[in-house]
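Observations on chain architecture
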Amino acid sequence: MPASIIARNARILLPMLSFVAILLAVFWLQPRAMSYVGLNLLLNLALPIAFATIAQMFVITVNDLDLSLGAYVGFVACVAATWLAEQPLLGMAALAGGVLVYAAVGALIHLRNLPSIVVTLGMSFVWLGLAILVLPTPGGKAPDWLRALMTWKTPLVPFTIYALLALAVVVHLGLMRSAQGAVLRGVGGNPRSVERAGWSLLKAKMIMFAFAGLFGMFSGLSLVGLTTSGDANIALRYTLLSIAGVILGGGEFTGGRISPIGAVIGAMTLTLAGSFLSFLRLDPDWQIGAQGAILILVLALRVIINRAEARGL
Amino acid sequence: MTALRHLLRKPWIGAYAGALAIWLATVAFTEGQGGGGVLTAALSFATFSVLVAIGQMYVITLGPGNVDLSIPATMTLAGAVSMKVMDGNNAMIVPGLAIALGCGAGVGVFNYGLIRLLRIPPIIATLSSSFLFLSAAISYSRGLRIKPPPLLADFTTWIVWGVPVLAVAGMVLTFVMSVILHRTIFGRTVTAIGQNARAARLAGLPVDRVRFATYVMCGMFAGLTGYLVSGFSGGAALNMGAEYLLASIAVVVIGGTSVAGGFANLPGLWGAAMLLFLLVTMLNTYGFGAGIRMVLTGVIIIAVIAVASGRRPSG
């Protein structure tokens, strides 16, 4: 039995091991990180990244890719730091509008059979432009309730860890364990058979893109709660981080093969990798390069494990 | 009539029509002022977009999932290294070019190594490698801004009767690459792989070798462009490749190449590159602020693609 359990969970095992390895490495380099405050500092930026990663995962599930996610998260951050704090109704309407636009983009991609890479690259201009219109220069102020939530002192471990756990469990149950989730993943696996069975591909794409918009919104809100002010360029790197997080977490670009728990762990691993590299006192010139190297390393490990698996086990 | 209908069915006609419409809208606004100057500038900048887009187009034609996201980092690396090697010395122009091409080829070899040996999807492989190459460029050229050799700077900015010489050279190169795509075994193999990789393999085509060559070629085009842009703009800069990521992909798709692979189109690249540059110029001429300009750029790109791609089955 144990062998079959390992086989069934192989997709999640490697992300977990990578995370534990990098966490131990961080503790070894900086033992003071092993505390409530240390963990909070290490992981609090993991929450917005994890939300963005889950958002990206929804899009990847249906075989598309969202290259506008970082700009969108920045847009949400700008709205949250201005309108949401001053005129909550207008702010909420703008955020809801963002989710609707995401659904519309999904519909456009499906109806016109367009490449998602290009449409979302175009959308990244739109979101960045809107963010600049809302908040021309960095600044603004996060709503108090958002700040209070993100700096909430929870018992035992920091709020971020509870939130990450809840995020992983909720999305896992919704997408991996429910009947609707299976259909939505099927759209990535075999769209034709899903359509023949009577489900609407259009509706499925719109739902998945709307979810991406929703979780991207959570990402922007949690980010503003942490940084307390907004900036149109605040999250541009989230586009790449989120894609890397999904892949690190065991997801694949095609076929609806994804893992929400893995994606959350992948986002945490990427966040820790940043701290790990700064603890190493690596030459700042090579910080970005080292992130690329870590990504390549984990993917290489995955290939080796997959091959060993294919050979027997 | 049939000739006209034949022309209208060309996949690149939309890009040229769009570029023309945008140019007319700009010139109408300025009441004819500077219409020629805008075209000259557009040709200059379009050349760079087209050069990176040729490599990207070959890669995209290999089929779904194939795309090179390391182009900006490659351009920066090739530009920085070649500028440092040439050190403003006219005699080093040719070795500098060779080194820029060599950097690009090296990036291509590394990328394909990741794709083939580690079986990493091209998007992630080229993305991760671009981090490494960007770091290499930062570390190599830290704080330096070396001027290009005067001869190279003069050549890249040389304009005869309102036509940039570089653009003419670029058009010749485009023509050559078009012949390679349609008339050589290599080009036909690229297209065949994009249409059905499995069938191409079963037919005995050297799929791996051709994919390898395509990625290396794409890297070399990026290296060449990095070299030329550095000459054109008075030196290499770390962010000089940034705008070419969107440009390379958008130009390919707007120009009528199928993003699903197996169907490439070279003449469209020029129309699409002109369209993108003229679009930015038009929005500048109308005096919009930065925010509105970006929103309109995004919306218009999406609209053009939605209209242009709808005509043929792709996906």
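The rules behind each value
- Residues numbered from 1 in each chain as written.
- Chains lettered and ligands numbered in written order.
- Predicted model: local features only at pLDDT ≥ 70, side-chain atom pairs only at ≥ 80, totals over all residues.
- Helix = DSSP H or I, 4+ residues; strand = E, 2+ residues; numbered from the N terminus.
- Buried ≥ 20, exposed ≤ 12 C-beta atoms within 10 Å, placed from the backbone.
- Contact = placed C-beta atoms within 7 Å.
- Rg over C-alpha atoms; globule rule 2.2 N^0.38 Å.
- pLDDT = per-residue confidence, 0-100.
- Axes fitted to C-alpha atoms, helices over the stretch in contact; angles between N-to-C directions.
- Parallel < 35°, antiparallel > 145°, perpendicular 65-115°, else oblique.
- Nonpolar A, V, L, I, M, F, W, Y, C, P; charged D, E, K, R; others polar.
- Arc of directions from axis to C-beta.
- Left-handed = near helix turned anticlockwise from the far one by under 90°.
- Core = buried A, V, L, I, M, F, W, Y, C linked by C-beta atoms within 7 Å.

Let us look at the overall build of chain A. The helix and strand tally for chain A stands at 16 helices and 0 strands. Considered along the principal axes of its C-alpha atoms, chain A spans approximately 60 × 55 × 40 Å. Evaluated residue by residue, chain A yields a buried proportion of 53% over its 313 residues. Within chain A, contacts between residues separated by at least 24 positions form 79% of all contacts whose residues are at least 6 apart in sequence.

It is worth spelling out the overall build of chain B at this point. Per the secondary structure count, chain B includes 14 helices and 2 strands. The C-alpha atoms of chain B give 19 Å as radius of gyration, which agrees with the globular expectation for 315 residues (20 Å, within 12%). Its C-alpha atoms put chain B at 60 × 55 × 35 Å along the principal axes. Going through the 315 residues of chain B one by one, you find that 53% of them count as buried.

Next up on the list: the confidence of the model for chain B. Per-residue pLDDT for chain B averages 84, and the proportion of residues at 70 or more is 95%. Low pLDDT, under 50, characterises residues 311-315 of chain B; the predicted model gives this stretch 7 contacts beyond four residues in sequence or across chains.

Residue-level contacts link 42 residues of chain B with 33 residues of chain A. Contributions of two or more residues to the side of chain B that touches chain A are made by helix 6 (122-140), helix 12 (243-254) and helix 14 (290-309) of chain B. Broken down by element, the residue count for the side of chain B that touches chain A peaks at 14 residues, all from helix 14 of chain B.

For the rest of this paragraph, the subject is the packing of helix 3 (residues 35-61) of chain B against helix 11 (residues 207-232) of chain B. All names here are of chain B. At a minimum axis separation of 8 Å, helix 3 and helix 11 run at an interaxial angle of 170 degrees. Compared by their axis directions, helix 3 and helix 11 come out roughly antiparallel. For the pair helix 3 and helix 11, the contacting residues are Phe-48, Leu-51, Val-52, Ile-54, Gly-55, Gln-56, Tyr-58 and Val-59 in the first and Thr-214, Tyr-215, Met-217, Cys-218, Phe-221, Ala-222, Leu-224, Thr-225, Leu-228 and Val-229 in the second. The class makeup of the residues in the contact of helix 3 with helix 11 is 14 nonpolar, 4 polar and no charged.

Further remarks concern helix 11 (residues 179-189) of chain A. Residue and element names in this part refer to chain A. Those residues of helix 11 not exposed but buried are Leu-184, Arg-185, Val-187 and Gly-188. With its buried residues spanning 140 degrees around the axis, helix 11 presents them on a single face. Tucked into the core, helix 11 has its buried residues touching helix 4 (46-61), helix 10 (159-176), helix 12 (191-196) and helix 13 (201-227).

Below, the discussion takes up unusual backbone geometry. All names here are of chain A. Unlike most non-glycine residues, Asn-113 shows phi in positive territory, near 55 degrees. Counting through the fold element by element, Asn-113 comes out in the loop between helix 7 (88-111) and helix 8 (116-134). Overall, the presence of 15 C-beta atoms within 10 Å leaves Asn-113 in the partly exposed class. A positive phi angle is found at Thr-228, which is not glycine, with a value near 65 degrees.

Residues and elements named next belong to chain A. With 11 of 11 residues buried, helix 14 (residues 238-248) lies mostly within the body of the structure. Where helix 14 is concerned, the buried positions are Tyr-238, Thr-239, Leu-240, Leu-241, Ser-242, Ile-243, Ala-244, Gly-245, Val-246, Ile-247 and Leu-248. Positive backbone phi, at 100 degrees, marks Gly-250, one or two positions downstream of helix 14.

Take the packing of helix 8 of chain A against helix 12 of chain B next. Interaxial distance between helix 8 of chain A and helix 12 of chain B falls to 10 Å at its minimum, and their mutual angle equals 125 degrees. The orientation of helix 8 of chain A with respect to helix 12 of chain B, classified from their angle, is oblique. Where helix 8 of chain A crosses over helix 12 of chain B, the handedness of that crossing is left-handed. Mapping the contact onto sequence places Ile-117, Val-118 and Leu-121 of chain A in helix 8 of chain A and Leu-246, Ile-249, Ala-250 and Val-253 of chain B in helix 12 of chain B. In terms of residue class, the contact of helix 8 of chain A with helix 12 of chain B is built from 7 nonpolar, no polar and no charged.

Residue and element names in this part refer to chain A. Relative to the helices and strands, Asp-66 resides in the loop between helix 4 and helix 5 (69-81). A count of 31 C-beta atoms within 10 Å places Asp-66 in the buried class. Separated by 225 residues in sequence, Asp-66 and Gln-291 have C-alpha atoms that sit 21 Å apart. Dropping the residues within four chain positions of it, Asp-66 is found in contact with Gln-56, Val-59, Thr-120 and Ala-212.

Here we take up the nonpolar core. Core analysis: the largest hydrophobic core is formed by 215 residues, its most contacted members being Ala-50, Ile-54 and Val-264 of chain A together with Ala-250, Val-251 and Ala-273 of chain B. Ranked by residues supplied to this core, first place goes to helix 3 of chain B with 15 residues. Not counting chain neighbours up to four residues away, the residues in contact with Val-264 of chain A comprise Ala-50, Thr-53, Ile-54, Leu-164, Leu-167 and Ala-168 of chain A.

In this fold, Val-264 of chain A is placed in helix 15 (residues 260-279). When the C-alpha positions of Val-264 of chain A and Ala-50 of chain A are compared, they lie 5.2 Å apart, and in sequence the two are 214 residues distant.

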